[in-house]
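Each chain, written out:
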Amino acid sequence: MDSGKSVAELLEKIGDGAKISSQLFENIKDPKTGRSSEPHHAPFNRVFDVDLPLWLWYETKEQSYRRRRFAIAMRGVAQFHPHDLLDDGPFFLAENIVMHRSWSDLGISVLDWKALPQGSIVVDVGGGIGTSAVAVARTNDHLRCIVQDLPTICTEATARWKKEFPEIIETGRLSFTRRYYVRYSGYDLDGISRTAHDFFTPQPVTNASVFVLKHILHDWSDPYCAQILKALRAAATPNTKLVVIDNIVAYACHDPTIESGLNSGYKEAPAPLLPNYGAVNVMPYLLDLALQPIRIAQMMFWLNAQERTIGQLDTLLQSSGWQLASAKRHGSPCNFPEPIVALPV
């Protein structure tokens, strides 16, 4: 509250989420939407009376303010995380205060980027304004990073990084490719290119060393996630790696996958505590329902989607032609996303 902003301004940012949460019960009991996997059957659609998924709604001219507000919110969320989940850099707090710890200090280094051959291609699918790709591109000049996202986001991101880090744009180490949701092409969405890539259709980059899905799968229900993963599998080479970064939900009871190796590095709390550490580890559950104001544009309320357990992610990957190779789990309760690496099968 000590931000200098009025109370009205602060409440305005969470007002949409409050309205949408009030319609959850109505949405669940409706035969049309209660068991639907469609992204346009979320409580959000009921409240705003729109038949578009959230991301396409943000692309319309009328929602330019909400789109910008969401981008600002996501940059704020990044301040709570380590410098970047893909980059082995230091932790950053608000105002860029550095803490001398990195992901590798926690045993959570995602990939050895330096070991990738010269000219290797890293594709950040649905990578937003490219925060993750920029972190990789700035410290690995032997890689070429491609970010795929919606047209307006790509345009805004290119302009931003040309100003802040022109060398990575000018040298081709970072580029942006627009994508479009073909399945909703019947809608008149001003400014959206109808020739751009849609990640539910065949992936145009067929020589990638790494595909990245950061905060993507939790935006979609299982049938749509399977389409995304199968499209990437079809484009993968035998040596392509898939990096998935989401919050992994822990069970409140004992998790049998602890013994299976899927949860390597994860430790359950000792009795008499709940195995998932209870309220200390609450963030993934809040995100699953989108109850927390700082991340209200997610999961069930807005997207008819969900966060997943490690077992659910493993099942999803196996059904789509991928094998979970490693899960970078935290040894104690942590509200940071946890990356997993999968290989084609």
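Here the structure is a predicted model, which means the values were calculated and not measured. (Residues numbered from 1 in each chain as written. Predicted model: local features only at pLDDT ≥ 70, side-chain atom pairs only at ≥ 80, totals over all residues. Heavy atoms only, no water.)

Some remarks on the overall build of the protein
Counting its regular elements, the protein contains 12 helices and 9 strands. Relative to its 345 residues, the protein shows a buried fraction of 51%. (Helix = DSSP H or I, 4+ residues; strand = E, 2+ residues; numbered from the N terminus. Buried < 20%, exposed > 50% of the residue type's maximum accessible area, 1.4 Å probe, protein only.)

Examining helix 6 (residues 131–139)
Restricting attention to buried positions, one finds in helix 6 the residues S132, A133, V134, A135, V136 and A137. Taken together, the buried residues of helix 6 touch strand 3 (121–125), strand 4 (144–149), helix 7 (151–164), helix 8 (166–170), strand 5 (174–178) and strand 6 (210–214). (Contact = heavy atoms within 4.5 Å.)

Digging into the environment of T240
By secondary structure assignment, the location of T240 is in the loop between helix 9 (222–235) and strand 7 (241–246). If we skip the residues at most four places from it in the chain, T240 touches A208, S209, V210, F211, W322, A342, L343 and P344. Only 2.7 Å separates the side chain of T240 from the backbone oxygen of A208, close enough to count as a polar contact. Of note is the side chain of T240, whose polar atom sits 2.8 Å from the backbone nitrogen of T237. (Polar contact = N/O pair within 3.5 Å; in protein donor to acceptor, adjacent residues only side chain to side chain.)

With respect to the sheet that holds strand 7
Taken in spatial order, the 7 strands line up as 5-4-3-6-7-9-8 in an open sheet, and their pairing is mixed. The sheet terminates laterally at strand 5 and strand 8 (322–327), the two strands that pair on one side only. For this sheet, the mean angle separating the axes of adjacent strands, direction not counted, is 25°. When strand 4 meets strand 5, the two strands line up parallel, connected through 5 bridges. Paired with D149 across the bridge in strand 5 is R178. The strands touched by helix 7 are strand 4 and strand 5; relative to strand 5, the strand with the most contacts, the crossing angle is about 160°. Each of strand 3, strand 6, strand 7, strand 8 and strand 9 (338–344) is contacted by helix 9, which is oriented at about 170° to strand 6, the strand it contacts most. (Pairing = 2+ DSSP bridges. Axes fitted to C-alpha atoms, helices over the stretch in contact; angles between N-to-C directions.)

Things to note about the packing of aromatic side chains
The final tally for this structure, using the stated rule, is 14 aromatic pairs. A network of ring pairs unites the aromatic residues F44, F48, W55, W57, Y58, F70 and W302 as a single cluster. (Phe/Tyr/Trp six-rings, centres within 6.5 Å; stacked < 30°, edge-to-face > 60°.)

Some thoughts on the confidence of the model for the protein
Summing up the model confidence of the protein, the mean pLDDT is 79 and the portion of residues at 70 or higher is 74%. Per-element confidence in the protein is highest for helix 9, whose mean pLDDT is 96, and lowest for strand 1 (residues 90–92), whose mean pLDDT is 35. Contacts for the low-pLDDT stretch residues 182–196, under 50 throughout, to residues beyond four places or in other chains number 37 contacts. Between residues 291–297, whose pLDDT stays under 50, and residues either more than four places distant or in other chains, the model counts 25 contacts. (pLDDT = per-residue confidence, 0-100.)

Let's talk about the pattern of salt bridges
Taken as a whole and assessed by the stated rule, the structure comprises 7 salt bridges. A salt bridge links R69 to D16, with the shortest nitrogen-to-oxygen separation between them at 3.0 Å. Separated by 53 residues along the polypeptide, R69 in helix 5 (residues 64–78) and D16 in helix 1 (residues 7–21) bring together distant segments of the chain. A salt bridge links R308 to D222; its shortest N-O distance comes to 2.8 Å. With R308 in the loop between helix 11 (299–303) and helix 12 (310–318) and D222 in helix 9, this pair connects stretches of sequence that are 86 residues apart. Since its relative accessible area comes to 37%, D222 is described here as partly exposed. (Salt bridge = Lys/Arg side-chain N within 4 Å of Asp/Glu carboxyl O.)

A look at unusual backbone geometry
For the bond from A271 to P272, the omega torsion is 10°, close enough to zero to count as cis. For D49, which is not glycine, the phi dihedral falls at a positive 55°. Topologically, D49 is positioned in the loop between helix 3 (43–48) and helix 4 (54–59). On the basis of relative accessible area, D49 is assigned to the exposed category, the value being 71%.

Some details on the environment of P344
Position of P344 relative to the elements: it lies in strand 9. On the basis of relative accessibility, which here comes to 16%, the residue P344 falls in the buried class. With 21 residues separating them along the chain, P344 and Q323 place their C-alpha atoms 6.2 Å apart. Not counting the four nearest positions on each side in its chain, P344 is found in contact with R233, T237, P238, T240, G321 and W322.

What to know about helix 9
Compared with an ideal rise of 1.5 Å per residue, which puts 14 residues at 20 Å, helix 9 spans 20 Å between its outermost C-alpha atoms and is within 8% of the ideal. Looking only at helix 9, the buried set comprises Y224, C225, A226, I228, L229, A231, L232 and A235. Those residues of helix 9 that are buried lie in contact with strand 3, strand 6, strand 7, helix 12 and strand 8. (Expected span 1.5 Å × (residues − 1).)

Here we look at the pairing of strand 4
Among the 6 residues of strand 4, 5 are classified as buried, and the element is accordingly described as predominantly covered. Bridge count between strand 3 and strand 4: 5 bridges; the pairing is parallel. Directly across from V122, in strand 4, lies its bridge partner C145.

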